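One letter stands for each residue in the lines below.
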Amino acid sequence: MDHLPDLAQECAFEGLDLVFVGHGVAAPGLDWDDFKGQDMTSKVLLVLISQPPVEPFPQDDLTYYARWTYKFEEARRRGAAGCLIVHFSDEFAGYPWSVTRTGYSGEKVALEKPQVNPLAIHGWLERGLASKLAEAAGTTLDAWVKQAQQRDFRPVVVGRVSHSVQYQKRCFSGRNVLGLLPGEEPHQHEAVVIAGHHDHLGEREGEIYNGAVDNCTGVAMMLATARRLIESGVRLKRSVLLMAPTAEECGLLGSDYYADEPLMIGTRQAKPIAAFAFDVGNVWGRTRDLSVLGLGRSTLDPLLQEVAASQELTLVPDLQPKMGLFYRSDHWSFVRRGVPGCWFFFGRDFIGKPSTYYDEVVGRYIQSEYHKPADVYHPEWTMEGLLSQVNFTVGVAQALGARTDFYPAMKPETASRSPLGTACTDSLNPEL
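Note that the structure is predicted; figures quoted are calculated from it, not measured.

**Q** How should I be thinking about the domain arrangement of the protein chain in this particular structure?
**A** By a frequent convention, interface size equals the accessible area lost on bringing the separate parts together. Splitting the protein chain by domain gives domain 1 (7–169) and domain 2 (177–414). Taking only C-alpha atoms, the centre of domain 1 and the centre of domain 2 are 30 Å apart. Across the boundary between the two partners, domain 1 contributes 20 residues, which contact 20 residues of domain 2. Overall, the association of domain 1 and domain 2 removes approximately 1,900 Å² of surface from exposure, summing both partners, and the carbon and sulfur fraction of that is 56%. The largest per-residue losses of area from domain 1 upon contact with domain 2 belong to Tyr-64, Thr-102 and Leu-111, which jointly make up 25% of the total buried on that side. The interface formed by domain 1 and domain 2 holds two salt bridges in total. Top contributing element to the side of domain 1 that touches domain 2 by residue count: helix H3 (residues 97–104), with four residues. Residue composition of the side of domain 1 that touches domain 2, by class: seven nonpolar, seven polar and six charged.

This is the structure:
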């Protein structure tokens, strides 16, 4: 990475209001507003992770309003001085506190471009600390959680915050690695994007976070897809853009940067037709089904089903919808700009394995290896599951690359359940 001079920085404020704003959600499409028109300028917001577990929010799925990135984006849009997120439940967050602690410790990364209302303070509170804060405010964390489930909830000042910190700003450049299989005119500038991020967490407290599953497998599948497309000898009318973005673990920064500044193909800027992510590949064996994170959200479904049928695969939706995975990989940088996209995950019907196998291997990975130094290569891995994911993606890319009369789109209900387009693009690189 290219390194630029370090810059000394200082940030301080005195006695700002700490305002509890429930889940910090302003969702016009769902007729829900936790802010009730109150001015949040120069306030520090205290928000609960996830979304209200009541109607009109889906009870079996998460919207983007549940994501921590959205909380910080909304705080900036409202001119807040800071935002602190309460991780009060593993189930609500979709991941244990250990993942938050590891991912949020150490150096923070953001894109070097002007931001609207950058936050002076942003971070997370563990349940125990949040409970003490609530008690100091004369209530309990459980009471806050219950209040936040009411549609008529109104923000409440729960304390005052002072903050002073000195830090070093280190400027460096990362790299998105791109490869292009060019199509033919007049559709050469229309691109099918296939991404697998090449970054992980690096070194933390003297330990190396290798990221063998997350996301060496994704990069391997992306490269294997490229090879299969080339070896097929089929020249597609649309281009296929193979992308290994950087800084996915820092908030999808690499793919977000690309989505703002696409590649030039010939004399025209690349126009993404659809975007697909490879992230956390199936190293545990082949399945009869394939989980598509994003199934039902766009007009891609019939084409995906057609390709799956030709490969004797059954497509199933997100198997763990309360983890909010649809918003957690690089396809989302395109989806939030209105480009249909999916994350091609894997199913749970493992060939030759008991029905409990998925829960055993995936549960063990999430609890013991995900975002931990233990995410390393294991000799017992099989590549059959990865190859099945690759074959499916090759089929989808070939179909989209050939059918130039088909322009997939997101479904309107997806936009109402999650802020898309200009609704959330005033500052698309979350501070971390």
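After presenting the structure, the write-up continues.
**Q** Sorry if this is basic, but what is going on with a nonpolar patch on the surface here?
**A** Where nonpolar side chains cluster on the molecular surface, the patch consists of Tyr-377, Met-383 and Leu-387 and spans about 310 Å² of accessible area. Within the secondary structure layout, Leu-387 lies in helix H11 (residues 384–402). Taking the relative accessible area as the measure of exposure, Leu-387 reaches 38% and is therefore partly exposed.

**Q** Looking at this structure, I do not really get the pattern of salt bridges. What am I missing?
**A** Within this structure, the stated rule accounts for 13 salt bridges. The closest approach of N and O atoms between Asp-256 and Arg-337, which form a salt bridge, is 3.1 Å. Of the two residues, Asp-256 is situated in helix H7 (residues 253–260) and Arg-337 in the loop between helix H9 (331–335) and strand S18 (341–344); the sequence distance between them amounts to 81 residues. Residue classification places Arg-337 among the partly exposed positions, given a relative accessible area of 24%. Beyond isolated ion pairs, a larger network of salt bridges with shared partners links Glu-74, Arg-77 and Arg-78.

**Q** Is there a simple way to explain the packing of helix H6 (residues 212–231) against H11 in this structure?
**A** Between H6 and H11, whose axes approach to 9 Å, the crossing angle comes to 50°. Here H6 lies oblique to H11, going by the angle between them. Between H6 and H11 the crossing geometry is right-handed. Taking contact as the criterion, the partners of Thr-217, Met-221, Ala-224, Thr-225, Arg-228 and Leu-229 in H6 are, on H11, Leu-386, Leu-387, Gln-389, Val-390, Asn-391, Thr-393, Val-394, Ala-397 and Gln-398. In the contact of H6 with H11, the residues fall into eight nonpolar, six polar and one charged.

**Q** What should I look at first to understand the side chain of His-163 in this one?
**A** Residue position: His-163 is located in strand S7 (residues 156–169). Ignoring any residue separated from it by four or fewer positions in sequence, one finds His-163 in contact with Cys-11, Ala-12, Phe-13, Ala-120 and Ile-121.

**Q** Where do I start with the confidence of the model for the protein chain in this structure?
**A** The predicted structure's coordinates, where accompanied by low pLDDT, should not be read in detail. Across the protein chain, the average pLDDT comes to 89, with 94% of residues at or above 70. Every residue in residues 1–5 is under pLDDT 50, and counting partners more than four places away or in other chains gives 11 contacts. Confidence drops under a pLDDT of 50 for residues 422–432, and excluding neighbours within four residues, the segment shows 42 contacts in the predicted structure.

**Q** Sorry, what's going on with the sheet that holds strand S9 (residues 190–195) here?
**A** Where strands meet in a sheet, backbone hydrogen bonds hold them as pairs that are either parallel or antiparallel. One open sheet accounts for seven strands, arranged S8-S12-S9-S15-S18-S16-S17; its pairing is mixed. Only two strands of the sheet have a single partner each, and these edge strands are strand S8 (177–181) and strand S17 (314–316). With strand direction ignored, the average angle separating the axes of adjacent strands in the sheet is 25°. Pairing geometry for strand S15 (residues 271–277) and S18, over three bridges, is parallel. Note that in S18 the partner of Ala-275 across the bridge is Gly-341.

**Q** How should I be thinking about helix H4 (residues 127–136) in this particular structure?
**A** Every α-helix winds through 3.6 residues per turn, so residues three or four apart in the chain are directed the same way. Among the residues of H4, those classed as buried are Ala-130, Ser-131 and Ala-134. The buried residues of H4 occupy an angular sector of 105° when the element is viewed end-on, so they sit on one face. Counted as exposed and oriented over 90 degrees from the buried face of H4: Lys-132, Glu-135 and Ala-136. Elements that come into contact with the buried residues of H4 comprise strand S5 (82–87), strand S6 (121–126) and helix H5 (141–147). The distance from a side-chain oxygen at the start of H4 to the backbone nitrogen of Gly-128 is 2.9 Å, and the residue carrying that oxygen is Glu-126. Positive phi appears at Gly-138, one or two residues downstream of H4, with a value of about 85°.

About the thresholds
Residues numbered from 1 in each chain as written. Predicted model: local features only at pLDDT ≥ 70, side-chain atom pairs only at ≥ 80, totals over all residues. Heavy atoms only, no water. Domains from an automatic or database assignment. Contact = heavy atoms within 4.5 Å. Buried area = accessible area lost by both parts, 1.4 Å probe. Salt bridge = Lys/Arg side-chain N within 4 Å of Asp/Glu carboxyl O. Helix = DSSP H or I, 4+ residues; strand = E, 2+ residues; numbered from the N terminus. Nonpolar A, V, L, I, M, F, W, Y, C, P; charged D, E, K, R; others polar. Patch = residues over 30% accessible without salt bridge, like charges linked within 9 Å, V, L, I, M, F, W, Y side chains within 5 Å. Areas by Shrake-Rupley, 256 points an atom, 1.4 Å probe, with all protein chains shown as cover. Buried < 20%, exposed > 50% of the residue type's maximum accessible area, 1.4 Å probe, protein only. Axes fitted to C-alpha atoms, helices over the stretch in contact; angles between N-to-C directions. Parallel < 35°, antiparallel > 145°, perpendicular 65-115°, else oblique. Left-handed = near helix turned anticlockwise from the far one by under 90°. pLDDT = per-residue confidence, 0-100. Pairing = 2+ DSSP bridges. Arc of directions from axis to C-beta. Polar contact = N/O pair within 3.5 Å; in protein donor to acceptor, adjacent residues only side chain to side chain.

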